[in-house]
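Spelled out from the first residue to the last, the chains are:
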Amino acid sequence: MATHKIKIAARLRPRLNGELDDESVKVIRASDENGGSSVISVTNPRDPSQVFKFPFSSCYDEDATQEEIFRNDVQPMIDVVYSGVTVTIFAYGVTSSGKTHTMQGTKTDPGVIPRTIRAIFDKKSTISDYQVSLLVSYMEIYKDEVYDLLVARENAPKLPVRENDAGMVFVANLTAEPIATVEEFDAIYNQATKNRSVGATNLNRASSRSHAVLTIEVRMSDPTRNTTLIGKINLVDLAGSENNKLTGNDPSRMAESSAINKSLSVLGQVVHALNQGASRIPYRNSKLTRILQDALGGSSVGLLICNLAPGTKFRQDTLNTLNFAVRTKNVENKPVINERDNRPAPKPHFAAVAIQPPAAKPAPAILQAISTAGAGTGAGPRRSRTSLVPVSKVPRVSMAGYQPFALPGAVAGAGRNGPREKIKEEDMHDRSGSLGLGLTEKEIDERISKAVEAEVARRLEERERAREREEEERRAREQEMESQPPGSSKSRSPKKEQTLPSGVLTPLLKRHKDLDDELKSRLEELERKFERGNKEFQLADVLSPVSKKKTGRAYVALARAHSEKGDLQVALDLYRKAESYVPDNVKLKERIIEIEWAVKNNKEFVPSPKPPRKAKKKKGKAASVVEDAAMDADDQSELKPGSRRRERAEFGLELTNAGMDSPTKGKRPLDGQEGEDDAETPPKRQRRDGKSMAVVNVSSDDEVPLAPSKSKRLVVS
Ligand SMILES: Nc1ncnc2c1ncn2[C@@H]1O[C@H](COP(=O)(O)OP(=O)(O)OP(=O)(O)O)[C@@H](O)[C@H]1O
């Protein structure tokens, strides 16, 4: 299947009034020197003699116009949407870097969203082979809850994120509004924008406090073939990561900020895991990544617009953003064409229900066109912008409605005509899912009942025939006995009671019920786990990495004490709490699984003996926290240089709030391992080579090291 890498466009916003800009972030146009691609160059905030260079296919300087960005990077995506593929465009960057300006723009200087809508309508008017209809939905993710922006703010409930049988994620009850004209869209969008959570911070007068996802679905029905092609474009304006020291947030803003940073941090982890080829990608750790799942390593085409702020105070965040972009550029998607067959499904033999549906068609060569879109460095006048978004200091209360987010072809309900549709949750269950042939659960149940009825009838008939045979035999025996003289040795055998054979009926129905029960209890357990995890994650969010580890250790110590006493359930709960503080600790995970098993099977739990500890030189205070084998392992991995890299890799709270501090500041280097990892960073590698130039080209495999370099001179890699 054809793969498609997420495209990256970086845009530097103009300096704002009063913003201190030492011009250390620059956009360099494409040239032979840069291997034909444009570059963002950033001076290392800790070592001015060092310059990092980030090559991207599109880099826009502060003079770039909205039109230019749209024409180069977004316009080519419209054809992709009309070929039945899902496209996701997201704006990413620190608060106040210009994401909303890029996506939404102003009345006089419209951004990606209004331009995309116009282009979609323009294209629609050129299509004659299909009957094209458009639908809009708009949601926001505020403090890790999803709200429908097409529903009045005060009535909007939290919407659940679900997954259909084919594994596609969708937001249940999200409104999908049909739109016939650009004006209709504008009216809906302007109203919905007022519902978005926006607030003032020290860094941005109209700062988005939520992630907003606008989706336009393009349905192209072909009456002759009786099929519908469904393309979709998701336009995502992410909330910006924030440094609370700079934003001057009050407690309610802090809570928002924590949710924003947490979800962006998970986004970073997802991209990191995808790049590592990890077996488990942590999509489920936030609603944002769950909803963007299809765009990250899924079946849609992606464009990431990285917004950069030139201000000196944002330098570290700029590097974080660019590091994120470098990693994202390696994420591969496998785009597919979403086509729905509207013909009624042929009636298959019952035995055929297990046949798998045909695989989705990979997207064709149209994808090649978008990978060649040009680089850009704009030349327009500097403009300032008044946000369209009203400044509201009222924190989000709640919001409501339906509609699939992921692959529309698989999930969209057929024949959604009429105004403002709400797809019921059951409609979202994939009709072409694992059971195949487009059957719903209900239809499958009906088929099972019919098959069972037929089987019962057959068996009853058989039984009737057997009964008749027996009756005949009995009569024959009686006649024989009557004809025999009395006292004959032959005696009548007692007639055995006939019972209905248990047959297929019971096992079939029982299997169905057992599956239901098992599924139900599994879901309940997952829900409990999720809620428990969520609370702990919120707490874990506000702690520094060191405090997280300490808290995790304390929980492990308590858990161990309880497990030694035999209170396994309590111990299990405590180990799970510990896990939310040190989620990457493999030993801890193993411990949880072992105890879960022991609790479930009512068995005793015998912990494996502690591994012998290496003799350590005592330095300063002895560790006061009780330790456990599981946490010991965690300590090692947490303090390994690899884990330092992990911290770096995570965009968000820890990094953003760390300001200019080194992530390792105040940490003891352990086991002499530090050098190994650092050797992998560009400056160290270059230092090793002993050369002396100050430019570091950041390839897609590297990241800019965030720790200060002691070396004065570095070599070009
Ligand atoms: N390219 C640009 N040209 C002119 N002004 C811009 C540009 N980009 C951003 N601005 C201005 O910078 C300010 C911050 O921009 P914006 O609100 O779009 O940032 P943001 O990244 O969406 O922030 P947040 O994450 O806090 O919502 C606004 O006043 C906006 O008008």
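Treat the numbers as computed from the prediction; the structure is a model and nothing was measured.

Chemist: Whenever I open this one, the overall build of the chain confuses me. Can you help?
Modeler: A count of helices and strands for the chain gives 20 helices and 23 strands. Taking all 717 residues of the chain together, the buried fraction comes to 49%. Accessible surface, the chain: about 35,400 Å² in total, of which carbon and sulfur atoms supply 52%.

Chemist: Help me understand the confidence of the model for the chain, please; the structure alone is not making it clear to me.
Modeler: Regions with low pLDDT carry predicted coordinates that are not meant to be interpreted in detail. In the predicted model, the chain carries a mean pLDDT of 70, and the fraction of residues at 70 or more is 58%. Mean pLDDT per element in the chain: helix α18 (residues 653-657) is the minimum at 26, and helix α3 (residues 112-124) is the maximum at 97. Confidence drops under pLDDT 50 across residues 353-357; counting only partners more than four residues distant or on other chains, this segment forms 12 contacts. The low-confidence segment residues 373-419 (pLDDT under 50) makes 188 contacts with residues lying over four places distant or belonging to another chain. Interface scoring of the predicted complex returns ipTM 0.98; its pTM is 0.58.

Chemist: I would appreciate a short explanation of the UniProt feature "binding site: ATP" (unreviewed entry) in the chain in the present structure.
Modeler: The sites that carry the UniProt feature "binding site: ATP" (unreviewed entry) are, in the present numbering, G93, V94, T95, S96, S97, G98, K99 and T100. Within the element layout of this structure, S97 appears in the loop between β7 (86-92) and α2 (99-103). Once you skip the residues sitting within four places of it in the chain, S97 turns out to touch R13, N307, L308 and A309. A polar contact is formed between the side chain of S97 and the backbone oxygen of V94, at a distance of 2.6 Å. In this structure, T100 sits in helix α2.

Chemist: Even after reading the chapter, I still don't get the pattern of salt bridges, so can you show me in this structure?
Modeler: Pairing between side chains becomes possible if they bear opposite charge and their charged atoms approach one another. Evaluation of the coordinates by the stated rule reveals 19 salt bridges. Taking the shortest distance from any N to any O, the salt bridge between E163 and R290 comes out at 3.3 Å. Of this pair, E163 sits in strand β10 (residues 161-163) while R290 is found in helix α7 (residues 287-291), placing the two residues 127 residues apart along the sequence. Residue R290 is classed as buried on the basis of its relative accessible area, which comes to 12%. Salt bridges sharing common partners tie together E67, R71 and R115.

Chemist: What should I look at first to understand unusual backbone geometry in this one?
Modeler: A positive phi angle is found at S96, which is not glycine, with a value near 75 degrees. With phi around 45 degrees, K143 is a residue other than glycine that occupies positive phi space. Relative to the helices and strands, K143 resides in the loop between β8 (131-142) and β9 (145-148).

Chemist: Explain the packing of helix α6 (residues 251-276) against helix α8 (residues 315-328) to me, please; I cannot follow it from the model alone.
Modeler: Packed helices, taken two at a time, are described by the angle their axes make and the gap between the axes. Between α6 and α8, whose axes approach to 9 Å, the crossing angle comes to 35 degrees. The handedness of the crossing between α6 and α8 is left-handed. Counted together, L267, G268, V271, H272 and N275 of α6 and F324, R327 and T328 of α8 form the full contact between these two elements. Its residues placed into classes, the contact of α6 with α8 shows 3 nonpolar, 4 polar and 1 charged.

Chemist: Help me understand α3, please; the structure alone is not making it clear to me.
Modeler: In this model, α3 (13 residues) spans 18 Å end to end at C-alpha, consistent with the 18 Å of a helix rising 1.5 Å per residue. If you check which residues of α3 are buried, you get V112, I113, P114, R115, T116, I117, A119, I120 and F121.

Chemist: Can you walk me through the nonpolar core in this structure?
Modeler: For soluble globular proteins, nonpolar side chains are generally found buried alongside one another. Ranked by size, the top nonpolar core spans 49 residues in total, and within it I40, F54, F56, L267, L296 and L304 carry the most contacts. Here this core takes 7 residues from α6, the largest share from any one element. If we skip the residues at most four places from it in the chain, F56 touches I8, A10, S37, S38, I40, L322, A325, V326 and K329. Ranked by size, the runner-up nonpolar core spans 46 residues in total, among them A64, I69, I113 and V182.

Chemist: Would you explain the pairing of strand β4 (residues 38-44) in this entry?
Modeler: For a regular strand, side-chain orientation follows a simple rule: the groups alternate between the two sheet faces. The buried fraction of β4 is high, at 6 of 7 residues. Both strand β3 (residues 25-28) and β4 contribute to a ladder of 4 bridges, which runs antiparallel. In the sheet register, V27 faces β4, and the bridge partner there is I40. Strand direction decides the pairing type here: β4 and strand β5 (residues 47-56), joined by 7 bridges, are antiparallel. Residue S38 lies in a different strand from β5, and its bridge partner there is F56.

Chemist: Honestly, the packing of aromatic side chains in this entry has me stumped. Any pointers?
Modeler: Per the counting criterion, the structure on display carries 4 aromatic pairs. When the ring of F185 is compared with that of Y189, the centres are 5.3 Å apart and the planes differ by 15 degrees; the resulting orientation is stacked. Of this pair, F185 and Y189 both sit in helix α4 (residues 182-195), 4 residues apart, roughly one helical turn. We note that F185, like Y189, is buried. Aromatic pair Y555 and Y581: ring centres 5.8 Å apart, planes at 25 degrees, arrangement stacked. Of this pair, Y555 sits in helix α13 (residues 545-565) while Y581 sits in helix α14 (residues 568-581); the two residues are 26 residues apart in sequence, bridging distant segments of the chain. A relative accessible area of 19% places Y555 in the buried class. Residue classification places Y581 among the buried residues on the basis of a relative accessible area of 5%.

Chemist: In this structure, what is going on with the packing of helix α1 (residues 66-81) against α3? I would like to understand it.
Modeler: Two elements in contact, α1 and α3, have axes whose closest approach is 10 Å; the angle formed by their N-to-C orientations is 45 degrees. When the interaxial angle is binned, α1 and α3 end up oblique. Relative to α3, α1 is oriented so that their crossing is right-handed. Between α1 and α3, the residues in contact are Q66, E67, F70, V74, Q75, I78 and D79 and V112, R115, T116, A119, I120 and K123, respectively. Looking at the contact of α1 with α3 residue by residue, the class counts come to 6 nonpolar, 3 polar and 4 charged.

Chemist: Before we go on, may I ask you to explain the side chain of K287 in this structure?
Modeler: Tracing the backbone shows K287 in helix α7. Residues contacting K287, with those up to four places away along its chain left out, are I141, D144, E145, V146 and V161.

Chemist: I tried to follow the pairing of strand β15 (residues 211-222) on my own but got confused; where do I start?
Modeler: Within β15, 11 of the 12 residues are buried, which leaves the element mostly enclosed by the surrounding structure. Note: β15 against strand β16 (residues 227-237), 11 bridges, orientation antiparallel. Considered in β16, the bridge of M220 is made with L229.

Chemist: Would you take a moment to explain empty space enclosed by the protein for this structure?
Modeler: Leftover empty space is mapped by rolling, across the atoms, a probe with the size of a water molecule. Taken as a whole, the largest cavity spans an internal volume of roughly 90 Å³. Forming the boundary of the largest cavity are 14 residues, of which K143, D144, H211, A259 and S263 lie nearest the centre. Listed by contribution, the elements that provide at least two residues to the lining of the largest cavity are β8 and α6. Per element, the largest residue contribution to the lining of the largest cavity is 5 residues, and it comes from α6.

Chemist: Looking at this structure, I do not really get a negative patch on the surface. What am I missing?
Modeler: Together, E468, E470, E472 and E473 give the surface a local cluster of negative charge. Residue placement: E470 occurs in helix α11 (residues 441-483).

Chemist: How should the state of the cysteines be read in this particular structure?
Modeler: The bond known as a disulfide is covalent and runs between the sulfur atoms of two cysteines. Evaluation of the coordinates by the stated rule reveals 0 disulfides. You can see C59 has no disulfide; the closest cysteine sulfur is in C306, sitting 9.7 Å from it.

Conventions we followed
- Residues numbered from 1 in each chain as written.
- Predicted model: local features only at pLDDT ≥ 70, side-chain atom pairs only at ≥ 80, totals over all residues.
- Heavy atoms only, no water.
- Helix = DSSP H or I, 4+ residues; strand = E, 2+ residues; numbered from the N terminus.
- Buried < 20%, exposed > 50% of the residue type's maximum accessible area, 1.4 Å probe, protein only.
- Areas by Shrake-Rupley, 256 points an atom, 1.4 Å probe, with all protein chains shown as cover.
- pLDDT = per-residue confidence, 0-100.
- Contact = heavy atoms within 4.5 Å.
- UniProt positions renumbered as here; feature names shortened; annotations may be inferred.
- Polar contact = N/O pair within 3.5 Å; in protein donor to acceptor, adjacent residues only side chain to side chain.
- Salt bridge = Lys/Arg side-chain N within 4 Å of Asp/Glu carboxyl O.
- Axes fitted to C-alpha atoms, helices over the stretch in contact; angles between N-to-C directions.
- Left-handed = near helix turned anticlockwise from the far one by under 90°.
- Nonpolar A, V, L, I, M, F, W, Y, C, P; charged D, E, K, R; others polar.
- Expected span 1.5 Å × (residues − 1).
- Core = buried A, V, L, I, M, F, W, Y, C linked by side-chain atoms within 4.5 Å.
- Pairing = 2+ DSSP bridges.
- Phe/Tyr/Trp six-rings, centres within 6.5 Å; stacked < 30°, edge-to-face > 60°.
- Parallel < 35°, antiparallel > 145°, perpendicular 65-115°, else oblique.
- 1 Å grid on protein atoms, 1.4 Å probe; cavity = no way out; pocket = protein on both sides within 12 Å on 5 of 7 lines; lining within 4 Å.
- Points joined across faces, edges and corners; volume = space filled by probe spheres on them.
- Patch = residues over 30% accessible without salt bridge, like charges linked within 9 Å, V, L, I, M, F, W, Y side chains within 5 Å.
- Lys, Arg positive; Asp, Glu negative; His and termini not counted.
- Charge placed at Lys NZ, Arg CZ, Asp CG, Glu CD.
- Disulfide = S-S within 2.5 Å.

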